[in-house]
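Listed below, chain by chain, are the residues.
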Amino acid sequence: MVIRAGIIGFSEGNGHPFSFSAIVNGYNPELLKAAGWDGIYNYLERKDPSDFGIPGLSIHSVWTQDPKLSEVIAAACKIPHISSSTEQMLDQVDAVIIARDDWQSHFDLALPFLKSGKHVFIDKPLSLDTAQLRELKPFLINAQLMSCAALRYAVELDQFREDCIKELPAFINGSILIDWERYGVHLLDGIFSAIPFNVESVYSTGNTTRSTILNCKDNSVITLNCLGNTAKTFNISRFSSTSKASYEIDDNFSAFKRTLSNFHNMITSGEPAIPAELTLNIMRTLIAGNLSKIENRAISLDEITI
């Protein structure tokens, strides 16, 4: 059985509707290049044709806020149907991928599909509204909803995960471009794919360049730096009593493909790809970071209830 998935939405500066669709369906090089996403075009062109496709999954339909953009995505990424509305898409697909990184849009887009029994993947971050998260929690638990940053599945972090099994780090430093609300989740998902979640408090400081300190229950410390508009940066460094290492993440294709494969596996297996509690704890950490910046104090994670 082939799972027919829909791609929903577009947010400024985020080319995930193109990336995700091309990885699953393949793409038309000329039309993708003409769409103006040079970074995506360049890394797709470096791949062998055999790298594309996820058995049992297809991108069957697309809807965005702009019908002309939907046509561009469909043509470039070999999507056979364009939905005129999300309501129309409900009857056309088995699952949906909400490929927007503005969390404020996620809940309203996802809920009709979730209530109709469809499986949903939501691009990071899921939501920073605790009331919305409470309503979404049952869908995470029953393996109907998945949400994460693709960096969780980065190939370059395979070694990081192995190293953390051998010895848990006493200190982790992560650095990434853009801002805490949209990109801090990349670092959190990457780090907590390797170590148990045990954050106790969160303190955030800075403006354009923002540093957020996570104090953990085992006395380890995690510092996350969101660098604003800078050169592409996705880095995690680990320090322990006997070793240290730095991991630079650059392979978007593999991270995206692994993410989509795990979504497909969740649909077919009925088991959550990521424990619901971990997804919610990462959202609590993002919320605590925002609150810390506003109130200029360390925020206990216990203050954020879902």
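Treat the numbers as computed from the prediction; the structure is a model and nothing was measured. (Residues numbered from 1 in each chain as written. Predicted model: local features only at pLDDT ≥ 70, side-chain atom pairs only at ≥ 80, totals over all residues. Heavy atoms only, no water.)

**Describing the overall build of the protein**
Working step 1: In terms of regular secondary structure, the protein is built from eleven helices and 13 strands.
Working step 2: For 306 residues, the compact-globule estimate of 2.2 N^0.38 gives 19 Å, and the protein sits close to it at 19 Å.
Working step 3: C-alpha atoms of the protein, sized along the principal axes, occupy 55 × 40 × 35 Å.
Working step 4: Taken over 306 residues, the protein has a buried fraction of 56%.
Working step 5: A separation of at least 24 residues holds for 70% of the contacts in the protein among residues at least 6 apart in sequence.
Working step 6: Counting 26 positive and 35 negative side-chain charges, the protein places the averaged centre of each group 2 Å from the other. (Helix = DSSP H or I, 4+ residues; strand = E, 2+ residues; numbered from the N terminus. Rg over C-alpha atoms; globule rule 2.2 N^0.38 Å. Buried < 20%, exposed > 50% of the residue type's maximum accessible area, 1.4 Å probe, protein only. Contact = heavy atoms within 4.5 Å. Lys, Arg positive; Asp, Glu negative; His and termini not counted. Charge placed at Lys NZ, Arg CZ, Asp CG, Glu CD.)

**Topic: the environment of Ala194**
Working step 1: Structurally, the position occupied by Ala194 is in the loop between helix H9 (180-191) and strand S8 (199-206).
Working step 2: What makes Ala194 buried here is its relative accessible area of 16%.
Working step 3: Here the alpha-carbon distance between Ala194 and Arg152, two residues 42 residues apart in the chain, equals 9.0 Å.
Working step 4: Residues in contact with Ala194, not counting those within four places in the same chain, are Phe160, Arg161 and Cys164.

**Some details on the sheet that holds strand S1 (residues 3-8)**
Working step 1: If you walk across this open sheet you meet the six strands as S3-S2-S1-S4-S5-S6, and the pairing is parallel. Each edge of the open sheet carries a strand with a single partner, namely strand S3 (81-82) and strand S6 (145-148).
Working step 2: Two strands pair when backbone bridges link them, and S1 and strand S4 (residues 95-98) are joined in this way by four bridges, in the parallel orientation. By the bridge assignment, Ile7 is partnered in S4 with Ile97.
Working step 3: On the sheet, helix H4 (residues 67-76) packs against strand S2 (57-63) and S3 and is oriented at approximately 160° with respect to S2. (Pairing = 2+ DSSP bridges. Axes fitted to C-alpha atoms, helices over the stretch in contact; angles between N-to-C directions.)

**Examining empty space enclosed by the protein**
Working step 1: Overall, the coordinates contain two cavities of 30 Å³ or more when judged by the stated rule.
Working step 2: The volume enclosed by the largest cavity comes to roughly 40 Å³.
Working step 3: If you go around the largest cavity, the residues you meet are Lys124, Pro125, Leu126, Ser147, Cys148, Ala149, Val185, Asp189, Thr279 and Met283.
Working step 4: Looking at the lining of the largest cavity, the elements with two or more residues in it are S6, H9 and helix H11 (276-295).
Working step 5: Its residues placed into classes, the lining of the largest cavity shows six nonpolar, two polar and two charged.
Working step 6: Roughly 30 Å³ of volume is contained in the second largest cavity.
Working step 7: Lining the second largest cavity, in full, are Leu140, Leu145, Met146, Ser147, Met266, Ala273, Ile274 and Thr279.
Working step 8: Looking at the lining of the second largest cavity, the element that brings in the most residues is S6, giving three residues. (1 Å grid on protein atoms, 1.4 Å probe; cavity = no way out; pocket = protein on both sides within 12 Å on 5 of 7 lines; lining within 4 Å. Points joined across faces, edges and corners; volume = space filled by probe spheres on them. Nonpolar A, V, L, I, M, F, W, Y, C, P; charged D, E, K, R; others polar.)

**Some words on the packing of helix H1 (residues 16-25) against helix H10 (residues 252-269)**
Pairs of packed helices are described in terms of their axes, by the angle between the two and the distance that separates them.
Working step 1: At their nearest, the axes of H1 and H10 sit 10 Å apart, and the two run at 75° to each other. The angle between H1 and H10 falls in the class roughly perpendicular. Contact residues: H1 offers His16, Ser19, Phe20, Ile23 and Val24, while H10 offers Phe253, Phe256, Lys257 and Leu260. (Parallel < 35°, antiparallel > 145°, perpendicular 65-115°, else oblique.)

**Points about the nonpolar core**
Working step 1: Of all hydrophobic cores here, the largest spans 106 residues; its most connected members are Leu44, Ile97, Val120, Leu145, Phe192 and Ile222.
Working step 2: Ranked by residue count, the leading element in this core is H11, at eight residues.
Working step 3: Setting aside anything within four residues of it in sequence, one finds Val120 in contact with Val96, Ile98, Ala110, Phe113, Leu114, Gln144, Leu145, Met146 and Phe263. (Core = buried A, V, L, I, M, F, W, Y, C linked by side-chain atoms within 4.5 Å.)

**So, the pairing of strand S11 (residues 234-239)**
Working step 1: With respect to burial, S11 is a largely interior element, five of its six residues being buried.
Working step 2: Sheet topology note: the strand S7 (residues 171-176)/S11 ladder contains six bridges and is antiparallel. By the bridge assignment, Ile176 is partnered in S11 with Phe234.
Working step 3: Sheet topology places S11 next to strand S12 (residues 244-248); five bridges connect them, and they run antiparallel. In the strand pairing of S12, Phe239 is matched with Lys244.
Working step 4: Here S11 folds back onto S12, and the loop between the two strands holds four residues.

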